Amino acid sequence: AQSVTQLDSQVPVFEEAPVELRCNYSSSVSVYLFWYVQYPNQGLQLLLKYLSGSTLVKGINGFEAEFNKSQTSFHLRKPSVHISDTAEYFCAVSDLNNNAGNMLTFGGGTRLMVKP
Amino acid sequence: SAVISQKPSRDICQRGTSLTIQCQVDSQVTMMFWYRQQPGQSLTLIATANQGSEATYESGFVIDKFPISRPNLTFSTLTVSNMSPEDSSIYLCSVEDGTSGRYNEQFFGPGTRLTVL
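The shown structure was predicted, so the numbers you read here are calculated from the model rather than taken from an experiment.

S.K.: How should the nonpolar core be read in this particular structure?
M.R.: One broad trend across soluble globular proteins is that nonpolar side chains are buried collectively. With 28 residues, the main nonpolar core has Trp35, Leu48, Leu76 and Tyr89 of chain A as its most contacted residues. In this view, Tyr89 of chain A contacts Gln6, Leu21, Trp35, Tyr36, Val37, Leu47, Phe63, Leu76, Gly109, Thr110 and Leu112 of chain A; residues no more than four positions away in its chain are not counted. In this structure, Leu19, Val29, Ala55 and Met83 of chain B belong to the second largest nonpolar core, which totals 27 residues.

Listed below in structure tokens is the structure:
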């Protein structure tokens, strides 16, 4: 079984400031890692994913995340946020050995609130 | 990338009734998933729906309450049966797109916002 913990339920930040949204996971096997964003009243959109290779992953809208296997973390970062980044962010993992497809286990979500 | 639509986008229903949610994809996909997102919470997987086989339900979800159909590779339905206010949630379908080299990426529909009175 795997689990995902997003340590902060809400992160307030001023516009143009840097931000880090934290994500830790637990799994007995290797995993794929994902960050999704959900804007108000919309579905989920993939920001970025880590499948293999370089541990620093760049995604859309200027976001990036770093996979740290020893710390079982996959924190999301952006050097300068915009008002339009205000949304709910979800970290998710998928078990590489899952023969039933890419079933995602989601964290509890972090609400990013960007203030002017 | 796969484009997914859901119907209805929202509904308000009376307790004891049932609602069927439709999920349509613009390309053929093998794996489809149904999730529930309760108010202010994260997503929980209800079931995995593969064409030509019975849906596989996660712990805490049963077929009598959430029957699923998957008649072809582009369509699925989820029914929320005998609804109670506790079923008020957003229901999302997603697909795993393995047809264009984008394996392991899931695309989500816009969701169906259900309110049960």
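S.K.: Explain the state of the cysteines here, please?
M.R.: Two cysteines joined by a covalent bond between their sulfur atoms form a disulfide. Scanning the model with the defined rule gives two disulfides over all chains in all. A sulfur-sulfur distance of 2.0 Å marks the disulfide that ties Cys23 of chain A to Cys91 of chain A. The sign of the S-S torsion, about -65 degrees, decides the handedness of the disulfide formed by Cys23 of chain A and Cys91 of chain A: left-handed. Pair noted here: Cys23 of chain A is in the loop between β3 (19–21) and β4 (24–26) and Cys91 of chain A is in strand β10 (residues 87–95), with a separation of 68 residues, a long-range link. In this structure Cys13 of chain B is not part of a disulfide, and its nearest cysteine sulfur, from Cys93 of chain B, lies 18 Å away. Residue class for Cys13 of chain B comes out buried when judged on its relative accessible area of 10%.

S.K.: Looking at this structure, how should I read the packing of aromatic side chains?
M.R.: Each aromatic ring pair is specified by the distance between its two centres and by the angle formed by the two planes. All names here are of chain B. Using the criterion set out here, one finds twelve aromatic pairs over all chains in the structure. Measuring from ring centre to ring centre gives 5.5 Å for Tyr35 and Phe108, while their planes differ by 45 degrees; the resulting arrangement is tilted. Note that Tyr35 is positioned in strand β4 (residues 31–37) and Phe108 in strand β10 (residues 106–108), a separation of 73 residues in sequence. With respect to class, Tyr35 is no different from Phe108; both count as buried. Considering the side-chain rings of Phe61 and Phe66, the 5.6 Å spacing of their centres and the 65 degrees angle between planes classify their relative orientation as edge-to-face.

S.K.: It is not clear to me how the pattern of salt bridges should be interpreted in this structure. Could you clarify?
M.R.: Where charged atoms from two side chains of opposite charge approach closely, those side chains can pair. Residues and elements named next belong to chain A. Within the structure shown, the criterion is met by seven salt bridges over all chains. For Arg77, the salt bridge identified is with Glu20, shortest N-O distance 2.8 Å. One end of the pair, Arg77, is in strand β9 (residues 73–78); the other, Glu20, is in strand β3, with 57 residues separating them in the sequence. A salt bridge links Lys78 to Asp85, with the shortest nitrogen-to-oxygen separation between them at 2.8 Å. Accessibility classification places Lys78 together with Asp85 in one group, the buried group. If you follow the salt bridges from partner to partner, you end up with Glu20, Glu66 and Arg77 in one network.

S.K.: Just checking my understanding: could you explain the interface of chain A and chain B for this structure?
M.R.: How large an interface is tends to be reported as the accessible area lost when its parts come together. Taken together, the contacts link 20 residues of chain A with 20 residues of chain B. Between chain A and chain B, the buried area comes to about 1,500 Å², and carbon and sulfur atoms account for 52% of it. Joining chain A to chain B, the criterion identifies zero salt bridges. The tally of links between chain A and chain B comes to three residue pairs in polar contact (both at pLDDT 80 or more). Elements that contribute at least two residues to the side of chain A that touches chain B include exactly β5 (31–38), β6 (44–50) and β11 (104–106) of chain A. Considering only residue class, the side of chain A that touches chain B consists of eleven nonpolar, eight polar and one charged.

Scoring rules and cut-offs
- Residues numbered from 1 in each chain as written.
- Chains lettered and ligands numbered in written order.
- Predicted model: local features only at pLDDT ≥ 70, side-chain atom pairs only at ≥ 80, totals over all residues.
- Heavy atoms only, no water.
- Core = buried A, V, L, I, M, F, W, Y, C linked by side-chain atoms within 4.5 Å.
- Buried < 20%, exposed > 50% of the residue type's maximum accessible area, 1.4 Å probe, protein only.
- Contact = heavy atoms within 4.5 Å.
- Disulfide = S-S within 2.5 Å.
- Helix = DSSP H or I, 4+ residues; strand = E, 2+ residues; numbered from the N terminus.
- Phe/Tyr/Trp six-rings, centres within 6.5 Å; stacked < 30°, edge-to-face > 60°.
- Salt bridge = Lys/Arg side-chain N within 4 Å of Asp/Glu carboxyl O.
- Buried area = accessible area lost by both parts, 1.4 Å probe.
- Polar contact = N/O pair within 3.5 Å; in protein donor to acceptor, adjacent residues only side chain to side chain.
- Nonpolar A, V, L, I, M, F, W, Y, C, P; charged D, E, K, R; others polar.

The values reported here are purely geometric and, on their own, carry no functional implication.
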